[in-house]
Amino acid sequence: MPIFKIHHITQYNYDRPVRESVNEIRIFPFAGMEQEVLQQEINITGQPSLHTFYDYWQNKAAVFNLFEPHPSLVIESKLIVRTTTTNESHLNFNTGRGVLENEISGNLQLLELARAEAIESTDEIQKIIQMIDQPWKSIAAIVQDCSQYIFQYFKYIKGITTIETTVDEILDHRSGVCQDFAHVMLQILRSMKIPSRYVSGYICPNKDGMRGEGATHAWVEAWIPGHGWAGIDPTNNIWVTNKHIKLAVGRNFIDCSPIRGTFKGPAKQQLSVYVSVGYEDGHIFEDRNNVQMDAASAGEQGNIAEDVFAAQQ
């Protein structure tokens, strides 16, 4: 059972002081048997009070306010976590649609997560489904083949997408990062009425190397009949392992956004994100990104400030 030390710093710098900053954070590990939080320390500019709660998806979240003028905002998480999951090799590859329909019948949350978004590229989605879905396949096999398809036919390229990139756009240029691949996979699975949810977290480096390692990451959890939620990472085409640390789950990125908020003041902001993953043997993997963000609109209403996953993957 490996233990990881994760240091995550999100810093917003403004070209002039802003005020009345109201923020919501989801940087707490998701509660579950696959991981155990040994220690977590949260440090925020001004040391505001954190009001914690659990949202609709059972993510632990917190809100805080900074009313005084401030030229920057730093949100730091120091986390020590032990993972217990090894892999999903014990999945039931025998159960099919009949069992799935029985399990989700009457479960409003699963039914919600089995509903696809309205997009323009429905024909393209149906073409992909025809390639991966066969009547004799189990749900787990369909999910696995969906991951394989994305891994094989979509290119991993940083910097060409943002958190606002749509599934239609990703399907058009067939490239992106882990957030994009997760959104495409969700659209495919939900179009087949398979409940699936977006997962945000970290992926820790290993000797074999994985795309997106050492930084924030995104993947998918699908509902497998007879098993429940099972994580799969289409960016690397693997079922989740004990190298994946889960922070939040939801319908899409917006539900899992680690940091989002508003402020007052006509300021331009720059976002810097630092993530380090440390091992018990002392080895540390570091990742840093700087993102120039749009200016706030003129006047008193500030723009939304989010920790941009797409810039980190």
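Residues numbered from 1 in each chain as written. Predicted model: local features only at pLDDT ≥ 70, side-chain atom pairs only at ≥ 80, totals over all residues. Heavy atoms only, no water.

Side note on the overall build of the protein
Formally: Secondary structure elements are defined from DSSP: runs of H or I of at least 4 residues count as helices, runs of E of at least 2 residues count as strands, and each element is numbered from the N terminus. Whether two residues are in contact is decided by their heavy atoms: any pair within 4.5 Å suffices.
Assigned secondary structure in the protein consists of seven helices and 16 strands. Excluding contacts between residues fewer than 6 apart, the proportion of contacts in the protein whose partners are at least 24 apart in sequence is 74%.

Notes on the packing of helix 3 (residues 122–132) against helix 6 (residues 178–191)
This is how it is decided: Between the N-to-C directions of two axes lies an angle of 0 to 180 degrees, each axis being a line fitted to C-alpha atoms and, for a helix, fitted only over the stretch in contact. Here roughly perpendicular refers to angles of 65 to 115 degrees, roughly parallel to angles under 35, roughly antiparallel to angles over 145, and oblique to all remaining angles. Residue polarity follows a fixed list, in which Ala, Val, Leu, Ile, Met, Phe, Trp, Tyr, Cys and Pro are nonpolar, Asp, Glu, Lys and Arg are charged, and the others, Gly among them, are polar.
Two numbers describe how helix 3 lies on helix 6: the axes approach to 10 Å, and their chain directions differ by 70 degrees. On the basis of their axis angle, the class for helix 3 and helix 6 is roughly perpendicular. In contact with Ile125, Ile128, Ile129 and Ile132 of helix 3, helix 6 contributes Gln187, Ile188 and Ser191. Looking at the contact of helix 3 with helix 6 residue by residue, the class counts come to five nonpolar, two polar and no charged.

Remarks on the packing of helix 4 (residues 139–153) against helix 6
Put simply, the rule is: By convention, the crossing between two helices is left-handed when the near helix turns anticlockwise from the far helix through less than a right angle, and right-handed when the turn is clockwise.
Two elements in contact, helix 4 and helix 6, have axes separated by 10 Å at closest approach and are oriented at 140 degrees. The angle between the axes of helix 4 and helix 6 places the two elements in the oblique class. Seen from above, helix 4 lies across helix 6 with right-handed handedness. Between helix 4, through Val143, Cys146, Ser147 and Ile150, and helix 6, the contact on the second element is made entirely by Phe181, Val184, Met185, Ile188 and Leu189.

Overview of the confidence of the model for the protein
Where we set the bar: pLDDT gives the predictor's per-residue confidence on a scale running from 0 to 100.
Of the residues in the protein, 87% have a pLDDT of 70 or more, and the chain-wide mean is 87. Overall, residues 295–313 carries pLDDT values under 50, and its contacts beyond four positions in sequence, including any with other chains, amount to 84 contacts.

Re the pattern of salt bridges
Here is the rule we go by: Just to be clear on terms, a salt bridge is a Lys or Arg side-chain nitrogen sitting within 4 Å of an Asp or Glu carboxyl oxygen. Note on classification: 1.4 Å probe, protein chains only; a residue is buried when its accessible area is under 20% of the maximum for its type, exposed when over 50%, partly exposed between these limits.
Following the criterion strictly, the structure yields 13 salt bridges and no others. One salt bridge in this structure joins Lys264 and Glu20, with 3.4 Å as the shortest N-O distance. Residue Lys264 is found in strand 13 (residues 259–264), and its partner Glu20 is found in strand 1 (residues 3–25); the two are separated by 244 residues along the sequence. On the accessibility criterion, Lys264 (32% relative accessible area) is partly exposed. Of the charged contacts in the structure, one is a salt bridge between Lys246 and Glu34, with a shortest N-O distance of 3.1 Å. On the criterion of sequence distance, the pair formed by Lys246 in strand 12 (residues 244–250) and Glu34 in the loop between strand 1 and strand 2 (35–44) is long-range, its members being 212 residues apart. A relative accessible area of 6% means that Lys246 is categorised as buried.

Regarding the nonpolar core
For clarity, the cut-off: The criterion is simple. A nonpolar core is a set of buried Ala, Val, Leu, Ile, Met, Phe, Trp, Tyr and Cys residues joined through side-chain atoms within 4.5 Å.
Ranked by internal contacts, the top residues of the largest apolar core, which has 44 residues, are Val143, Ile188 and Leu189. Elements that contribute at least two residues to this core include exactly helix 1 (97–104), helix 3, helix 4, helix 5 (167–173), helix 6, strand 9 (215–224), strand 10 (228–233) and helix 7 (253–256). In terms of residues, this core owes the most to one element, helix 6, which gives eight residues. With residues near it in sequence (within four places) discarded, Leu189 still touches Val143, Cys146, Ile194, Ser196, Val220 and Ala222.

Let's talk about the pairing of strand 10
Residues in a regular strand point their side chains to alternate faces of the sheet. Heads up, the condition is: Strand pairing follows a simple DSSP-based rule, namely that at least 2 bridges must link the two strands.
Burial within strand 10 is extensive, with five of its six residues counted as buried. Looking at chain direction, strand 10 and strand 11 (residues 238–239) are connected through two bridges and run antiparallel. In the strand pairing of strand 11, Asp233 is matched with Ile238. Hairpin connection of strand 10 to strand 11: four residues between the antiparallel strands, including Asn237 at a positive phi of 55 degrees.

Overview of the side chain of Asn59
Inspection of the secondary structure assignment puts Asn59 in the loop between strand 3 (51–54) and strand 4 (60–66). Setting aside its immediate chain neighbours within four residues, Asn59 contacts Arg26, Phe30, Phe53, Tyr54, Leu247, Ala248, Val249 and Asp255.

A closer look at unusual backbone geometry
Only a minority of non-glycine residues have a phi that is not negative, and only a minority of peptide bonds are not trans. Backbone geometry places Glu20, a non-glycine residue, at a positive phi of 50 degrees. For Asn237, which is not a glycine, the phi torsion comes out positive at approximately 55 degrees. Of note, Asn237 is situated in the loop between strand 10 and strand 11.

Overview of helix 3
Selection criterion: As used here, the arc is the angular range of directions from the helix axis to the C-beta atoms.
Within the sequence span of helix 3, burial applies to Ile125, Ile128, Ile129 and Ile132. Each buried residue of helix 3 sits inside an arc of 105 degrees when the element is viewed along its axis, so together they form one side. More than 90 degrees from the buried face of helix 3, the exposed residues found are Asp123, Lys127, Gln130 and Met131. In this fold, the buried residues of helix 3 make contact with helix 4, helix 5 and helix 6.

Some thoughts on the environment of Ala114
Tracing the backbone through its elements, the reader meets Ala114 in the loop between helix 2 (108–112) and helix 3. With 75 residues separating them along the chain, Ala114 and Leu189 place their C-alpha atoms 7.7 Å apart. Apart from residues no more than four positions distant in its own chain, Ala114 is found in contact with Arg190, Lys193, Ile194 and Pro195.

With respect to the packing of aromatic side chains
Defined as follows: Each aromatic pair joins two rings of Phe, Tyr and Trp (for Trp, the six-membered one) with centres within 6.5 Å, and gets the label stacked for planes under 30 degrees apart, edge-to-face for over 60, and tilted for any other angle. Charges are assigned to positions over rings by a cutoff of 6 Å between ring centre and Lys NZ or Arg CZ, combined with an angular limit of 35 degrees from the ring normal.
Applying the stated criterion to the full structure yields seven aromatic pairs. Between Tyr198 and Phe253, the aromatic rings sit 6.4 Å apart at their centres with planes inclined by 80 degrees, giving edge-to-face as the arrangement. Here Tyr198, found in strand 8 (residues 196–203), pairs with Phe253, found in helix 7; they are 55 residues apart in sequence, far enough to count as distant. Residue classification places Phe253 among the buried residues on the basis of a relative accessible area of 3%. Among the aromatic residues, ring-to-ring pairing joins Phe154, Tyr156 and Phe181 into one connected group. Geometry around Phe28 places Lys60 over its ring, the cationic atom sitting 4.8 Å from the centre.

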